[in-house]
Amino acid sequence: MDLELTSDQELLRDTTRKFLQTTVPLTEVRALTANPAGFDRGWWSTGAELGWTSLLVAESRGGGSVSGAGLRDLALIAEEMGALVSPGPLIPTNVVAQTLSRDASDELAGLVLPGLLSGDSVAAWCAAEPGRPLTPDGMTLRARLDGDEFVLDGVKSPVEAGDEADWLLVTATGPDGLTQFLLPSSAPGLAITPLRGLDLVRRNAEIRFTDVRVPASAVVGGSGGASASFERQIQTALVLQCAEIVGATDRVFDFTVQYAFDRSSFGRALASYQALKHRFADMKLWIESAQAITVDATRAVQADSPDAAEIVRIAKAYVAERCPELIQDCIQLHGGIGVTWEHNLHLYLRRVVLHRETYGDPIQARDQVAILAGK
Amino acid sequence: MTEAPTASGEPREDLDAFRTRAKEWVTANLQPLNGADPALGHATDDADHVIRVKAIQRKIWDAGFAGLCYPAEYGGQGLPAAYQDAFIEVSYGYELPRLFNTPTFTIILPTILDFGTEEQKKRFIPAALKGEELWVQFLSEPTGGSDLAGALTRAERDGDEFVLNGSKIWSTYAWKSDYALCVARTDWDVPKHRGLSVLIVKVHQPGITITQIKHVDGTEEFCQEFFDDVRIPARDVLGQVNDGWNVASRLLLHEREAVSGSSPYAMAPRTAARENDQVGAAALAQVSGGADDPRVRQLIGEARVLTRVHTALVGRIATSIRTGRLPATAGSIPRLSNGVMRVRLATIAIDIAGDRAVAWHDGDPVGELGVAYLGRQGVCIGGGTLEITRNIISERVLGMPREHAEDLDRPFREVRTNTPTQRNRS
C-alpha cells in the first residue's frame, strides 16, 4: 500500500474494508460460487455508491476522485478487494468507464456512463484473443465498413465479466487501424459462452462476433485512433491487477506468519526454526518489493510519466511472477491443511493466478520491458 | 536509518538553482568517464589512484560541493538529501572520488557524528571531506565469520594508551587508507557484547603489517592486518570503553544503508539500479547483438525488472523506517535484495554472453562477465552473510525467536572458539 495517504484516502480505504468485511466475508465468497454471475447486482450498486466506479471518470461526466488522483484511490480499493478475494467486475467496468470518459462522444457517454457509475449496469472490455499476446498489433477481430455501418467478425476470449456485462467495449482492427466500439451485449450476432474458471467469483467468457453490425456512432474515439487509448486501458488494468495481487498476498503472508507462531512441532514454535525463518525473511523481501513496485507503477500511470509504460509492465512481471510463488510457499509452510478445500489459502491463490495470466502474463510483460528498454 | 541533518531554516539556494550550478561546475571541472565503468572510474590498483581521488575530492571541497548533507560546523553544507541526489544526478558519468564513498563518507563519518567527541568530530570529519584522509574498517577477523562481536583482537590499557594485538581481515584497500575504525576486545571477563571497544587507528604506524589478499577475479583490494603491540592514545576510543558493540551496531546500520543505497551521505549513485541496468542488460544486448532474440529479451527484461524493483524497495524501506512503520533493522531487507539481485544479474550476464564469457579475445569486455561470475557470491558474504541478514529480518523485523547462542551470557574468556566438534556418522 502507498505509505503516503491523505485522510480522505484513508477514509475511502477504511469504508471499503468495512463494507467488504460485512457484506462479502470469505464464507460469502464461497457461497457466491453457486451464483452464475459470481456477484449480486444490488451489492455492486452499493459499492458504486462508495466510489468504486467513478474514480477514473471526469467530474464533467459525472465522476470524481477522492484525492484528485483517481487511479491511486482506485488502487486502494483493489488492494482491499484482493485482501478479501472480493467479487465484482472492478477492472472491466473501470477500464470501460475511463475510456468512455476520455474518448466517447457526449451522446455515447450520456447513454452509457450514468448506468456504469450508479452500478445499475456493468461493462466488459473485449480485448484478449485466444492464443495471442495482448498487444495492439494485428488484432484478428476485424471491423469492416459496410455503407455507414461497421461489421465485426472474430472471437474475443477470455473476456472478464463477459457473460454478465450489459455493455461491451470491443478493441478491433478497423479499416483505419486499431478502433474501439461500444455495443450492447444484446446485439445480434454475438455468441457469449461462459467459461469455467479458476477464481470462484470472478468469471470470464468467450465472445464470438459473427457479422455483428454496429452504427458509426458506436465508435469510441476516432476510427483507427485507439492505440493510445488501448495503452491507457492496459496500464490501468495492470495497476489494478497488481494492487489486488499485493492485497491478497499481503493478507496470506500475514496469517502465515501468525500460523508460524501458533503452531508447534517437536515442542517448538515453527517460527523458531532457522530453516523456516529464512524462508519468511525471503517472503518479507518479496512482499515489500511487490508493494513498492506496485506503488511506483500506480503513481507513474497516474502522473502519465514518460516511463509509465515500462514501470507498469515491470510491476506486472514482478508481482505476477513472485506473488503466486510466495503464496505457494505459504501453502507449503501450512503443511497438509494448506492443500485442503476447507482452508482459505486456495481462494487467494486462485485470484492471483487469474491475474497472473490475464491482461498479459509475466513472460509477455518482460518481453515488452526489454523492447521498451531498447527504444 | 539516518535522516540527513537539515540546515536550520531553508537552504539559501533552491534545489533547481543548486542543480544548475552543480551541473555547470561538474561539466567544467570533472572528467567524463566516456563509457568506463562508473563503479571503478579511472581506478588503478596503485597508489596513484589514491593521489588522484584525493585531488578530485579536494576540488569538490574547494567548490563547496563536499559533504552536502554533513553539518556545516564539521565542514559540510548542511543540506537536505535532495541536494545530494541532485549532485549525484548531474555528476553521473563523470570521474568521482568513489574510493571515499564507502566506507569513509557513508559509514565511518556518520558513526563519528553519532559517537565522536566534539574534538574527534572537528578533527576527522573536515579532513576526510577535504580529501586528506581515507578510512578503512577493521572489523572482521580470520576466525570470526559473521560473528563480529566474537572479536579476539585485544586492546589492553597501559597508562594513557591502549596496546593492540591480533589480526583483522577483509578490509578494503587498507594499504591505501590513512585511518581505520577497529573493533577490539577490552574486557574478557564479561559476556561478549559488553567487553568491546572501538578504536580510531592510524593505519601506517609501527606494529601494523598489511598483506593483500588476491581474489578470484585477480584483484587485490582486500587486505589482512597484523597488530603487534600497536600503541593507540586512549583519547582515540570512539564512544565509551567497553561500549563498542553499541558503536559497532550503529556502524553496521550505516553500512546497511550504504550497501542498500539509502545513505544520504553517498556522493555516488545511491541505488545500484542504474549501474546494473547498464551493465546487466542494455550494454550486453549490444555486445551480443541479441535484442531480437526472444530468449535474450526475456533475460534483459528480467534484469530490468530486478533493478527497478530494487530501486522501488530501497525507497519504500527508507520511508518505512523514517515513519516507524518498520524498525531500523529493516535496512537488512534491501541488503538481502541487493545480494539476491546481483547474483541473478551475474548469471543473466553470462547467459546472454554465452561462450564468449569463457573464451574471449584479448580486450573483449565480454570476458569480464565470466570473471565477474566467478566472484558472484562476494556480495552475499561481505558486510555479513545473507544467512545472518535473513536472521536479522526474521528475528528483528518479524519478531521470530532468536537462534540459540552459547556465548551470550558467559564471560568471553570461557567461550569456545573454533575447536572441532564431533561429527555423527551412522
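What counts and what doesn't
Residues numbered from 1 in each chain as written. Chains lettered and ligands numbered in written order. Predicted model: local features only at pLDDT ≥ 70, side-chain atom pairs only at ≥ 80, totals over all residues. Heavy atoms only, no water. Helix = DSSP H or I, 4+ residues; strand = E, 2+ residues; numbered from the N terminus. Rg over C-alpha atoms; globule rule 2.2 N^0.38 Å. Contact = heavy atoms within 4.5 Å. Areas by Shrake-Rupley, 256 points an atom, 1.4 Å probe, with all protein chains shown as cover. Buried area = accessible area lost by both parts, 1.4 Å probe. Salt bridge = Lys/Arg side-chain N within 4 Å of Asp/Glu carboxyl O. Nonpolar A, V, L, I, M, F, W, Y, C, P; charged D, E, K, R; others polar. Phe/Tyr/Trp six-rings, centres within 6.5 Å; stacked < 30°, edge-to-face > 60°. Buried < 20%, exposed > 50% of the residue type's maximum accessible area, 1.4 Å probe, protein only. Lys NZ or Arg CZ within 6 Å of the ring centre and 35° of its normal. pLDDT = per-residue confidence, 0-100. Core = buried A, V, L, I, M, F, W, Y, C linked by side-chain atoms within 4.5 Å. Pairing = 2+ DSSP bridges. Axes fitted to C-alpha atoms, helices over the stretch in contact; angles between N-to-C directions. Parallel < 35°, antiparallel > 145°, perpendicular 65-115°, else oblique. Patch = residues over 30% accessible without salt bridge, like charges linked within 9 Å, V, L, I, M, F, W, Y side chains within 5 Å. Left-handed = near helix turned anticlockwise from the far one by under 90°. Expected span 1.5 Å × (residues − 1). Bend = angle between axes of the 7 residues up to and from the residue.

Before going further, it helps to examine the overall build of chain A. When its secondary structure is counted, chain A shows 11 helices and 10 strands. A compact globule built from 375 residues should have a C-alpha radius of gyration of about 21 Å, and chain A, at 21 Å, falls within 12% of that. With respect to the three principal axes, the spread of C-alpha positions in chain A is 80 × 50 × 40 Å. For chain A, the proportion of contacts with a sequence separation of at least 24, taken over those separated by at least 6, is 76%. Just so you have it, chain A exposes about 14,000 Å², and 51% of that area is on carbon and sulfur atoms.

With that settled, the discussion passes to the environment of Trp175 of chain B. Along the polypeptide, Trp175 of chain B turns up in the loop between strand 3 (161-172) and strand 4 (179-185). Along the backbone, Trp175 of chain B and Thr209 of chain B are 34 residues apart, and their C-alpha atoms lie at a distance of 9.6 Å.

What follows is about the interface of chain A and chain B. Note on interface size: it is often stated as the accessible area lost on association of the parts. On the chain B side, the residues contacting the 36 residues of chain A number 34 residues. Interface area for chain A against chain B, summed over the two sides, is near 3,100 Å², with a carbon-plus-sulfur share of 66%. Sorting the residues of chain A by area buried against chain B places Leu3, Lys277 and Leu285 of chain A first, and these three jointly supply 19% of that buried surface. Our count for the contact surface shared by chain A and chain B stands at 8 salt bridges. For the salt bridge of Asp367 of chain A with Arg297 of chain B, the shortest nitrogen-to-oxygen distance reads 2.7 Å. For the side of chain A that touches chain B, the secondary structure elements donating two or more residues are helix 7 (227-262), helix 8 (274-302), helix 9 (308-334) and helix 11 (362-374) of chain A. Taken together, the residues of the side of chain A that touches chain B sort by class into 22 nonpolar, 5 polar and 9 charged.

Another aspect to go through is the packing of aromatic side chains. Per the counting criterion, the structure on display carries 24 aromatic pairs over all chains. When the ring of Trp170 of chain B is compared with that of Phe222 of chain B, the centres are 6.3 Å apart and the planes differ by 85°; the resulting orientation is edge-to-face. Placement of Trp170 of chain B in strand 3 and of Phe222 of chain B in strand 7 (residues 222-233) is noted, with a sequence separation of 52 residues between them. We classify Trp170 of chain B as partly exposed; its relative accessible area is 45%. Assessed through its relative accessible area of 21%, Phe222 of chain B is described here as partly exposed. An aromatic cluster of three or more residues is present, and its members are Phe19, Phe39, Trp43, Trp44 and Trp52 of chain A. Positioned over the ring face of Phe412 of chain B is Arg185 of chain B, at 3.5 Å from the centre of the ring.

Glancing now at the confidence of the model for chain B. On average, residues of chain B score 88 in pLDDT, and 89% of them are at 70 or above. Note that residues 1-8 of chain B has pLDDT below 50 and, in this model, 23 contacts with residues that lie over four places away or in other chains.

The next subject is the nonpolar core. Ranked by internal contacts, the top residues of the largest apolar core, which has 122 residues, are Trp52, Leu100, Trp125, Leu182, Phe280, Ile293 and Val319 of chain A. In terms of residues, this core owes the most to one element, helix 7 of chain A, which gives 16 residues. Setting aside its immediate chain neighbours within four residues, Trp52 of chain A contacts Thr16, Phe19, Leu20, Trp43, Trp44, Gly47, Leu74, Ile77, Met81, Leu90 and Asn94 of chain A. In this structure, Leu99, Leu113, Ile200 and Leu252 of chain B belong to the second largest nonpolar core, which totals 56 residues.

This part covers the environment of Leu20 of chain A. All names here are of chain A. Within the secondary structure layout, Leu20 lies in helix 1 (residues 7-23). Its relative accessible area of 0% is what places Leu20 among the buried residues. Spatially, the C-alpha atom of Leu20 lies 9.7 Å from that of Pro87, the residues being 67 residues apart in sequence. Apart from residues no more than four positions distant in its own chain, Leu20 is found in contact with Pro25, Trp43, Trp52, Glu80, Met81, Leu84 and Ser86.

All names here are of chain B. Burial analysis of strand 5 (residues 196-202) places 6 of its 7 residues in the buried class, which makes it a mostly covered element. Of the pairings in the sheet, the one linking strand 4 to strand 5 comprises 7 bridges and is antiparallel in character. The partner of Ala184 across the bridge, within strand 5, is Ser197. For strand 5 and strand 8 (residues 237-238), the ladder comprises 2 bridges, and the chain directions are antiparallel. Opposite Leu199, over in strand 8, you have Val237 as the bridge partner.

Bringing the packing of helix 11 of chain A against helix 8 (residues 294-323) of chain B into the picture now. Contact geometry for helix 11 of chain A and helix 8 of chain B: axes closest at 7 Å, N-to-C directions at 85°. Overall, the two elements helix 11 of chain A and helix 8 of chain B adopt an arrangement that is roughly perpendicular. Residues Ile363, Arg366, Asp367, Val369, Ala370, Ile371 and Ala373 of chain A of helix 11 of chain A touch helix 8 of chain B, and the partners they reach there are Pro294, Arg297, Gln298, Ile300, Gly301, Glu302, Arg304 and Val305 of chain B.

Okay, a nonpolar patch on the surface next. Residues and elements named next belong to chain B. A cluster of nonpolar side chains, contributed by Val216, Tyr373 and Leu374, occupies part of the molecular surface with about 300 Å² of accessible area. Position of Leu374 among the secondary structure elements: in helix 10 (residues 366-374). With a relative accessible area of 59%, Leu374 lands in the exposed category.

It is worth spelling out the packing of helix 9 of chain A against helix 11 of chain A at this point. For any two helices packed against each other, one specifies the crossing angle of their axes together with the interaxial distance. All names here are of chain A. Relative orientation of the contacting elements helix 9 and helix 11 amounts to 150°, with a least axis distance of 8 Å. Here helix 9 lies roughly antiparallel to helix 11, going by the angle between them. As for the relative orientation of helix 9 and helix 11, their crossing is left-handed in sense. Seen from helix 9, the contacting residues are Ala309, Glu310, Arg313, Ile314, Lys316, Ala317, Ala320 and Glu321; seen from helix 11, they are Pro362, Ala365, Arg366, Gln368, Val369, Leu372 and Ala373.

All names here are of chain A. Taking 1.5 Å of rise per residue, 13 residues should cover 18 Å, and helix 6 (residues 106-118) covers 18 Å from first to last C-alpha, within 8% of that figure. Within helix 6, the axis deviates most sharply at Val112, by approximately 35°, and proline Pro114 lies no more than four positions further along. Among all positions of helix 6, only Leu108, Ala109, Val112, Leu113, Gly115, Leu116 and Leu117 are buried.

Residue and element names in this part refer to chain A. When you tally the buried positions in strand 5 (residues 177-184), you get 6 out of 8 residues, the bulk of the element. Across 8 bridges, the pairing between strand 4 (residues 167-174) and strand 5 is antiparallel. Its bridge partner being in strand 5, Trp167 is matched across the sheet by Pro184. Here strand 4 hands over to strand 5 after 2 residues, the two strands then running antiparallel side by side. Pairing analysis gives 2 bridges linking strand 5 to strand 8 (residues 219-220), with the strands arranged antiparallel.

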